[in-house]
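# Residue-level structure breakdown
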Amino acid sequence: MSIAGHNAVETNPPVHPSGRNARVLLTSVFGPYAQDDEFGSRRINPMELYHNQVTRTQGPFSLRMFHRSWGIMLIQCNISAPCALLDFPTLDRFVEEIRSNQYDVVGITSILPNLGKVREMCRLIRKYLPQAKIVVGGHISNAPDISERIDADYIARGDGVEWFRRFLGEDVSQPIRHPLIPSGINTRTMGLNVRRKKGEVAATLIPSVGCPMGCNFCATSAMFGGKGKFINFYETGDELFHVMCGLEKEMEIRSFFVMDENFLLHKKRALRVLELMEEYGKSWSLYVFSSARVLLSYDIEQLVGLGISWAWMGLEGKQSQYVKLSDVNTFDLVKHFHAHGIRLLGSSIIGLEEHTPENIHEAIEYAVSHDTDFHQFMLYTPIPGTPLYADLKAKQNLLPPEEFDEADIHGQYIFNYRHPHFQKGQETEFLIHAFERDFEVNGPSVLRIARTTLEGWKRYKHHPSKRIRDRFAYEAHELYLKYAGSLWAAKRWFNKNLKLVERISTVLEDVKREFGLKARLMTPIVGRVILHKIRKEDEFLKSGGTYEPPVFYELNQQMIALKQKVRAGFQPVKWISPLLNRV
């Protein structure tokens, strides 16, 4: 039984009495997200993926952006019931929504650190919508005792689209419609709001969920069935290409952030997409997640042809035992892909079983010396549902609940278990040192990519394929102006770090040589403006300034039809319909 006496059903729920006529509200947890509060928000854990986990200590050079709650957007596009979606609401806005509107079902998506917020939202729903069924999903559903800790009617694990279709009495075998999702919102760095034109923001593309690699710490893999399990939304390259063409047309974009844990692992599908890109002359850029071994299973010509221009790759740690890294020289891999203009985000773990206070600095130097364009550092954290969590629980190494707050277990602060070698609190110190050391040695991540982008441009600017020439020209089009000016400003900002200044100067001079007079003339002009912006941003952050995402409120066509009054100009949710005649 849950805390309020409701039976929380996890699988095979009964069909809702109203079926596809049930009025549905899907929502993320309420903000603020970058402030300490009583419900579990933490200033240290803002709703900004890159600033949170990758560029955390880079101050005004940190990459700041927000990402929508893709899971509930996908659900909304794939049910026929009238559905409203509330993303990043304030607490007041959430209360206003459930006080002012009648809903039969309220679905909440969350991660485990936001448990306190989910509990409060359930309480408020019971108060204002006592007849509504509460469904909780997302990574929080992995917690084995979640039904006892929140007042929900149902815990939806795994594929939320299938779960809701079944709950609403719909056909679960329908093809998946793909929502129109910009990859980043309110992008900002160096004090500059990146107000991009249409075509310059990537579309988020979701080919599948889950990860068959099944690393023992991976919550995503665990959520969708564990090692060897995944759910493909689009089985063939033809289906996926059709969706990509639809996103290109509707959103006027030319790049895709591929939200798939190992997109390239499905090689037959990927190579069919490549064939179709070549046939139809698509100069797309793809930003992907991939393991090192999978990347190396492709010829470089195939990767370049597919438009792979950015890859998020696990390095994990020195002497890592993970199969995805066995027999792979990751240093050579990084150099090889950089030489072809492929930017890399390396990911390393702090606190592996073999890490000690004596060898952790060596492990950090090993990670930093890869010189990837970006570098993520995360604490080795057992998340409920993962094999790592089960292993540490069996060994009785997990901390009792009274010794930590769930809101602090997000991989960027403390352990929730007893590490064999670290004393309590040391993990935080070592994690921060890893970020600081990477920044000190390799400089701002947003500027490292200038070097890699330039290498790609020089190598492929005369490629025989116009499709490939066009892609690299587009990716390099800001080098002589914005990047050159930023490098000029960075030289002056880091004037006391002589090694870093030398590194930045080398890249800047390469840009000037490549782009000639226009780069030499514009660099100091643009650079002075950017340096001023950097200083202002630094002042803002040091004074305690934080960023919060905007609130999104979206209705599908069925919900709009139910409402008597809809504000002028309000547009229904749009999606890309699947390719029905499968090839």
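Please refer to the structure placed before this passage.
This report concerns the structure included in the present document.

What follows deals with the pairing of strand β17 (residues 374-379). Within β17, six of the six residues are buried, which leaves it mostly tucked inside the rest of the structure. Burial along β17 is two-sided: the residues F374, Q376 and M378 and H375, F377 and L379 are all buried. With six bridges connecting them, strand β16 (residues 343-350) and β17 associate as parallel partners. When the sheet's bridge partners are listed, G346 is paired in β17 with H375. With helix α13 (residues 360-368) bridging β16 and its parallel neighbour β17, the resulting β-α-β unit is right-handed.

Hydrogen bonds between backbone groups are what pair the strands of a sheet, and the pairing can be parallel or antiparallel. Overall, parallel pairing links the six strands, which are arranged β10-β13-β14-β15-β16-β17 in an open sheet. With one partner strand each, in any of the chains shown, β10 (203-205) and β17 form the two edges of the open sheet. For this sheet, the mean angle separating the axes of adjacent strands, direction not counted, is 20°. Where strand β15 (residues 308-316) meets β16, six bridges bridge the pair, whose relative direction is parallel. Following the sheet pairing, E316 is matched in β16 by S348. Lying on the sheet, helix α15 (residues 426-442) is in contact with β16 and β17; it crosses β17 at an angle near 175°. The strands touched by helix α16 (residues 445-460) are β16 and β17; relative to β17, the strand with the most contacts, the crossing angle is about 135°.

Across the interface, helix α18 (residues 479-493) lies against helix α20 (residues 517-542) with an axial gap of 6 Å and an inter-helix angle of 60°. As summarised for this structure, α18 and α20 are arranged oblique, according to the angle between their axes. Classified by chirality, the crossing of α20 by α18 is right-handed.

Another point: the sheet that holds strand β2 (residues 64-66). With antiparallel pairing, three strands are arranged side by side in an open sheet as β2-β8-β9. Each end of this open sheet is capped by a strand with a single partner; those strands are β2 and β9 (192-193). Here strand β8 (residues 185-189) pairs with β9 via two bridges, running antiparallel. Directly across from T189, in β9, lies its bridge partner L192.

Right, let's get into the pattern of salt bridges. All chains considered together, the criterion is met by 34 salt bridges. Among the salt bridges present, the one from D145 reaches R149, with a minimum N-O distance of 3.8 Å. A relative accessible area of 23% places R149 in the partly exposed class. Its salt-bridge partner being E365, residue R437 comes within 2.6 Å of it at the nearest N-O pair. Placement of the pair is R437 in helix α15 and E365 in helix α13, with a sequence separation of 72 residues. The partly exposed category is assigned to R437, whose relative accessible area is 24%.

As a further point, take the packing of aromatic side chains. If you walk through the whole model with that rule in mind, you get 31 aromatic pairs. Between W310 and W312 the ring centres are 6.0 Å apart and the planes differ by 75°, which places this aromatic pair in the edge-to-face class. Considered together, W310 and W312 belong to a single accessibility category, that of buried residues. An aromatic cluster is present here, built from Y50, W70, F257, Y287, F289, W310, W312 and F374 joined pairwise through their rings. In this structure, R492 is placed above the aromatic ring of W488, and the distance from its NZ or CZ to the ring centre is 3.6 Å.

On to the packing of α16 against helix α17 (residues 466-475). Where α16 meets α17, the axes come as close as 9 Å, and the angle between the chain directions of the two elements is 150°. Comparing their axes, α17 and α16 come out roughly antiparallel. Crossing hand, α16 versus α17: left-handed. Where α16 approaches α17, its residues T453, G456, W457 and Y460 are matched on the opposing element by I468, R469, F472, A473 and E475. Grouping the amino acids of the contact of α16 with α17 by side-chain chemistry returns five nonpolar, two polar and two charged.

What counts, and at which threshold
- Residues numbered from 1 in each chain as written.
- Predicted model: local features only at pLDDT ≥ 70, side-chain atom pairs only at ≥ 80, totals over all residues.
- Heavy atoms only, no water.
- Buried < 20%, exposed > 50% of the residue type's maximum accessible area, 1.4 Å probe, protein only.
- Helix = DSSP H or I, 4+ residues; strand = E, 2+ residues; numbered from the N terminus.
- Pairing = 2+ DSSP bridges.
- Right-handed = clockwise from strand over helix to strand, strands pointing away.
- Axes fitted to C-alpha atoms, helices over the stretch in contact; angles between N-to-C directions.
- Contact = heavy atoms within 4.5 Å.
- Parallel < 35°, antiparallel > 145°, perpendicular 65-115°, else oblique.
- Left-handed = near helix turned anticlockwise from the far one by under 90°.
- Salt bridge = Lys/Arg side-chain N within 4 Å of Asp/Glu carboxyl O.
- Phe/Tyr/Trp six-rings, centres within 6.5 Å; stacked < 30°, edge-to-face > 60°.
- Lys NZ or Arg CZ within 6 Å of the ring centre and 35° of its normal.
- Nonpolar A, V, L, I, M, F, W, Y, C, P; charged D, E, K, R; others polar.

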